[in-house]
Amino acid sequence: MSTAFLFDFSAEIVDYQLKPVKQLYSRKKKDEYLYDNLDTVFTSSVTVDQKGIVKSYPGLFELVLED
């Protein structure tokens, strides 16, 4: 299963200014996406729950309390 979503705009804060960032999210598993920042070399595996809420974004945050 592989699905990809391309976002032409998100926000990256540089020197307190918003900057457009091209992003690509590729679905690898039912609960896992690969995030690619197309303007840099940053990638990350993102894990989501059944509702699509991010549970794990390594290096940035982890869900610590679940309802």
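This text gives an overview of the structure that appears in the document. (Residues numbered from 1 in each chain as written. Predicted model: local features only at pLDDT ≥ 70, side-chain atom pairs only at ≥ 80, totals over all residues. Heavy atoms only, no water.)

## Quick notes on the pairing of strand β7 (residues 54-57)
Here is the key point about a regular strand: its side chains alternate between the two faces of the sheet.
Then, number 1: Note: strand β6 (residues 43-48) against β7, 2 bridges, orientation antiparallel. Each bridged residue has a counterpart across the sheet, and for Thr-47 the counterpart in β7 is Ser-56.
Then, number 2: The hairpin turn running from β6 into β7, its antiparallel successor, is 5 residues long, and Gly-52 in that turn takes a positive phi close to 90°.
Then, number 3: Pairing of β7 with strand β8 (residues 61-62) involves 2 bridges; the strand directions are antiparallel. From the neighbouring strand, Tyr-57 faces β8, where its bridge partner is Phe-61.
Then, number 4: The loop that links β7 with its antiparallel partner β8 comprises 3 residues; one of these, Gly-59, has a positive phi angle of about 85°. (Pairing = 2+ DSSP bridges. Helix = DSSP H or I, 4+ residues; strand = E, 2+ residues; numbered from the N terminus.)

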